[in-house]
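Here's the letter readout for the chains.
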Amino acid sequence: MKVYVSVDMEGVTGLTDPEEMHAGGRGYERGCELMTGDANAVIQGAFDAGAEAVRVNDAHGSVKNLRIDLLDERATLIRGPGKPLRMGQGLDRSYRAACFAGYHARAGVQHGVLNHTWMGKEIQNVYLNGEVCGETRLVASFAGSLGVPVALVTGDEAVCEEARELLGDVETVAVKKGVDRFSAELLPPVVAQARIREAAARALNRVADFRPCAPEPPFTLAVEWNSTAIAAGCALIPGVRSAGPRHTEFVTDDFSQIMALMGIFSMVGGQIACGSGVYG
């Protein structure tokens, strides 16, 4: 059994502060250690359940956050920018299951710790085939397009609820309970990571219970931006059309194109926002 693990950071045990998410910020280095600890808990649970191989993808921001020197030596790690499939890089049909660690609620979810969708402030909402879509839905749908089910999601209580609404009886571990966007009631790492390891093993021991999240093609990705300038800039990308002053749409039969496009959106939208000062 081959297991794929996508690891984000906002839903990692113990983290609540935006500075902990970015290199140079207060607490970032410790955040990377905690992120690696959550990843290791999933890896350990996977091998407890009989996994033969585990591939881990660093899926947050710079994608240079996980500590390879602290990672369980039985796993491999995909790290660094330039990954065309971003949060789903390295996933293919050969994997029996996918696990999401450190994930967070979509933009606008009350009590969702560090809630957002793909970008911190530039995106108001993302829609997939007309339904509001967070990163959990986006990556689970990519996995589903390959026939791979999601077995485990860890993060805050809000993303666990989001995952169960989308995926049904998926295993979840809530490592924190949101008070507001930047505050939460936290579990100590030793407690949270023990629960993650147990849940990963439990999930993969009943992997036959899970079904891929597979929306029907064609896939329509709609994005509501916070800025007319970002929407106009992204509408220049071939295949993307303007659907309103702050809205873009893209239609495809190949879900991997959506994953790649979200990466391009990050580059274009981030550049426009960062260059527009207080109006960004």
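Colleague: Any details on helix α2 (residues 135-145)? Residues and values, ideally.
Modeller: Extensive coverage of α2 is indicated by the burial of 9 of its 11 residues. If you check which residues of α2 are buried, you get E135, T136, L138, V139, A140, S141, F142, A143 and G144. At the C-terminal side of α2, G147 shows a positive phi close to 85°.

Colleague: Describe in detail the sheet that holds strand β11 (residues 240-244), supporting the description with residues and values.
Modeller: The 5 strands lie next to each other as β6-β5-β10-β12-β11, forming an open sheet whose pairing is antiparallel. Strands with a single pairing partner mark the edges of an open sheet, and in this sheet they are β6 (131-132) and β11. As paired strands, strand β5 (residues 123-128) and β6 are joined by 2 bridges and run antiparallel to one another. If you follow L128 over to β6, its bridge partner there is E131.

Colleague: Go over the pattern of salt bridges with me, naming the residues and quoting the values.
Modeller: Summed over all chains, the structure comprises 15 salt bridges. Here R67 makes a salt bridge to E33, at a shortest N to O gap of 3.6 Å. Here E33 lies in helix α1 (residues 28-48) and R67 lies in the loop between β2 (53-58) and β3 (76-78), a separation of 34 residues in the sequence. Put simply, E131 and R137 hold a salt bridge, and the shortest N to O gap is 3.1 Å.

Colleague: Now, about the sheet that holds strand β7 (residues 150-156): what can you tell me, with residues and values included?
Modeller: Ordered by their spatial adjacency, 7 strands build an open sheet running β3-β2-β1-β4-β7-β8-β9, and the pairing between neighbours is mixed. For this open sheet the edge positions go to β3 and β9 (183-186), each flanked by a neighbour on one side alone. Direction aside, the axes of adjacent strands within the sheet are offset by 25° on average. Direction of pairing for strand β1 (residues 2-7) relative to β2: parallel, over a ladder of 6 bridges. Following the sheet pairing, S6 is matched in β2 by N57. Against the sheet, α1 engages β1, β2, β4 (97-103) and β7, with an angle of about 160° to β2. Of the strands in this sheet, β1, β4, β7 and β8 (171-180) touch helix α4 (residues 189-205), which is tilted by about 145° from β8.

Colleague: Tell me about the side chain of T13, residues and numbers included.
Modeller: Within the secondary structure, T13 sits in the loop between β1 and α1. Side-chain polar atoms of T13 contact the side chain of D38, separated by 2.9 Å. For T13, the contacting residues outside a window of four places in its chain are L34, D38, V175, L187, P188, P189, A192 and I196.

Colleague: Describe in detail the state of the cysteines, supporting the description with residues and values.
Modeller: Under the criterion given, the structure shown has 0 disulfides. For C160, which is in no disulfide, the shortest distance to another cysteine sulfur is to C99 and amounts to 13 Å. Under the relative-accessibility criterion, C160 is labelled buried at 1%.

Colleague: Which residues make up the nonpolar core, and what values do they have?
Modeller: Counting residues in hydrophobic clusters, the biggest one holds 47 residues, and the most contacted among them are L138, L221, W225 and F265. Sorting the residues of this core by element identifies β4, β5, α2, β7, α3 (157-167), β10 (219-225), α5 (228-234) and α6 (255-274) as the ones contributing at least two each. Other than its neighbours up to four places away in sequence, L221 contacts V126, Y127, L138, T248, E249, F250, I258, L261, M262 and F265. The next biggest cluster of nonpolar side chains, apart from the first, holds 41 residues, and it includes V12, M35, V54 and A200.

Colleague: Break down the layout of surface pockets for me, with residues and values.
Modeller: The volume enclosed by the largest pocket comes to roughly 920 Å³. Around the largest pocket, the lining is made up of 36 residues, and of these H22, G61, W118, M119 and G120 lie nearest the centre. Residue contributions to the lining of the largest pocket peak at 8 residues, all from α6. Residue composition of the lining of the largest pocket, grouped by class: 15 nonpolar, 13 polar and 8 charged. Lining the second largest pocket, in full, are R106, V109, Q110, H111, E157, A158, E161, E162, E165, K177 and G178. If you tally residues by element for the lining of the second largest pocket, the top one is α3, at 5 residues. Here the residues of the lining of the second largest pocket sort into 2 nonpolar, 3 polar and 6 charged.

Definitions and limits used
Residues numbered from 1 in each chain as written. Predicted model: local features only at pLDDT ≥ 70, side-chain atom pairs only at ≥ 80, totals over all residues. Heavy atoms only, no water. Buried < 20%, exposed > 50% of the residue type's maximum accessible area, 1.4 Å probe, protein only. Helix = DSSP H or I, 4+ residues; strand = E, 2+ residues; numbered from the N terminus. Pairing = 2+ DSSP bridges. Salt bridge = Lys/Arg side-chain N within 4 Å of Asp/Glu carboxyl O. Axes fitted to C-alpha atoms, helices over the stretch in contact; angles between N-to-C directions. Contact = heavy atoms within 4.5 Å. Polar contact = N/O pair within 3.5 Å; in protein donor to acceptor, adjacent residues only side chain to side chain. Disulfide = S-S within 2.5 Å. Core = buried A, V, L, I, M, F, W, Y, C linked by side-chain atoms within 4.5 Å. 1 Å grid on protein atoms, 1.4 Å probe; cavity = no way out; pocket = protein on both sides within 12 Å on 5 of 7 lines; lining within 4 Å. Points joined across faces, edges and corners; volume = space filled by probe spheres on them. Nonpolar A, V, L, I, M, F, W, Y, C, P; charged D, E, K, R; others polar.

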